[in-house]
Amino acid sequence: MQFYTKQHKFYCGIDLHTNKMYLCILNRDGDIVLHRNIRTRPNTFLRAINPFREDLVVAAECMFSWYWLADLCEDEQIPFILGHALYMRAIHGGKSKNDKIDSHKIAALLKGGLIPMAYVYPRKMRATRDKTIPGVGRIIALNLLYEIENIDRFPRVQDFASYSRLVKCAKESNGKRYGSAGKKIGNAHLRWAFSEAAQLFLKGNEPARKYMEKIVSKHGKGKALSILAHKLGRAVYFMLKNREGFDLNRFLTA
């Protein structure tokens, strides 16, 4: 376990919640120069810490809502430390506990070089790591991440589906269709990832199984899996474009 030991003029500990955040700022002598409960908003936070920004480091415990704070500090060139929740609990656990006390403890650990550091996952990698799609685990997620690289490369969802080999191009002449073409044009790794995801999507997912039964009854099992893979590909495209999580109910009813 690594600890943050760099020296600063001011140390800010934050007990972070979705709607409120309790700040405690200590100076290098350990005196409290700010101890305040504020709204969880970037502008409100920046106003509160403004008098101490000359040499400030910020720390928060690794809970659910730290992304925005880490990104804001990065944009504002403020050092940000993410405390490991389990180890912090072992170090500063006590009989009395509330947001005010916790923010002071975090600031004190930070100043004393005793705050155990968790990994601040890079913002550009989170969209794939945090995919909430059933069946998309670490291996498939990493495959998607590195093969897509930047979703803005694809102006339309159709372009992405074609690149991922999720659709077949019709082969026509004189108004007649002669099958499909271009099966090997596109990214084979993405085709594999979405095909695997379609299979795993159904495991232990009863609503998805019922949805799949309807597709199978209409198109047969083989084509149904291809349809599901295509639908998952479209979902991933819009998740990355719109920066939003996966909604199973929306997916099954769209």
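Before reading further, recall that the structure is shown in the block above.
Which parts of the structure should I look at to understand the state of the cysteines?
One way to say it: the disulfide is the covalent bond shared by the sulfur atoms of two cysteines. With the rule as written, the count across this model stands at zero disulfides. Cys 73 carries a free sulfur, and the closest cysteine sulfur to it, the one in Cys 12, is 8.1 Å from it. The class of Cys 73 is buried, set by a relative accessible area of 0%.

Whenever I open this one, the sheet that holds strand 5 (residues 80–83) confuses me. Can you help?
In sheet architecture, strand pairing relies on hydrogen bonds along the backbone and comes in two forms, parallel and antiparallel. Pairing is mixed across the open sheet formed by five strands, whose spatial order is 3-2-1-4-5. The open sheet has two edge strands with one neighbour each: strand 3 (32–39) and strand 5. Across the sheet, the mean angle from the axis of one strand to that of its neighbour is 20 degrees, orientation sign disregarded. The strands that helix 4 (residues 99–111) touches are strand 1 (10–16), strand 2 (20–27), strand 3, strand 4 (56–61) and strand 5; relative to strand 1, the one it contacts most, it runs at about 140 degrees.

Mind showing me how you'd approach the environment of Leu 26 here?
For Leu 26, the location among the structural elements is in strand 2. Note: C-alpha distance between Leu 26 and Leu 56 (30 residues apart in sequence) is 9.7 Å.

Looking at this structure, how should I read the pattern of salt bridges?
Side chains that differ in charge, positive against negative, can pair when their charged atoms come close. Within this structure, the stated rule accounts for five salt bridges. The salt bridge partner of Asp 152 is Lys 241, with a shortest N-O separation of 3.3 Å. Taken together, the residues Asp 152 in the loop between helix 6 (138–148) and helix 7 (157–163) and Lys 241 in helix 10 (residues 221–242) connect sequence positions 89 residues apart. What makes Asp 152 exposed here is its relative accessible area of 55%. The class of Lys 241 is partly exposed, set by a relative accessible area of 30%.

Can you walk me through helix 1 (residues 42–49) in this structure?
One full turn of an α-helix is made of 3.6 residues, so residues set three or four places apart face in the same direction. Listed as buried for helix 1 are Thr 44, Phe 45, Leu 46, Ala 48 and Ile 49. In this fold, the buried residues of helix 1 make contact with strand 1, strand 2, strand 3, strand 4 and helix 2 (67–75).

Can you walk me through the pairing of strand 1 in this structure?
For a regular strand, side-chain orientation follows a simple rule: the groups alternate between the two sheet faces. Of all the seven residues making up strand 1, seven are buried; the element is thus mostly covered by neighbouring parts of the structure. Burial of the side chains of strand 1 extends over both faces: Phe 10, Cys 12, Ile 14 and Leu 16 are buried on one face and Tyr 11, Gly 13 and Asp 15 on the other. In the sheet, strand 1 pairs with strand 4 via five bridges, with the strands oriented parallel. Paired with Phe 10 across the bridge in strand 4 is Leu 56.

About the thresholds
- Residues numbered from 1 in each chain as written.
- Predicted model: local features only at pLDDT ≥ 70, side-chain atom pairs only at ≥ 80, totals over all residues.
- Heavy atoms only, no water.
- Disulfide = S-S within 2.5 Å.
- Buried < 20%, exposed > 50% of the residue type's maximum accessible area, 1.4 Å probe, protein only.
- Pairing = 2+ DSSP bridges.
- Helix = DSSP H or I, 4+ residues; strand = E, 2+ residues; numbered from the N terminus.
- Axes fitted to C-alpha atoms, helices over the stretch in contact; angles between N-to-C directions.
- Contact = heavy atoms within 4.5 Å.
- Salt bridge = Lys/Arg side-chain N within 4 Å of Asp/Glu carboxyl O.

From the geometry alone we can't say anything about function, so treat these as descriptive.
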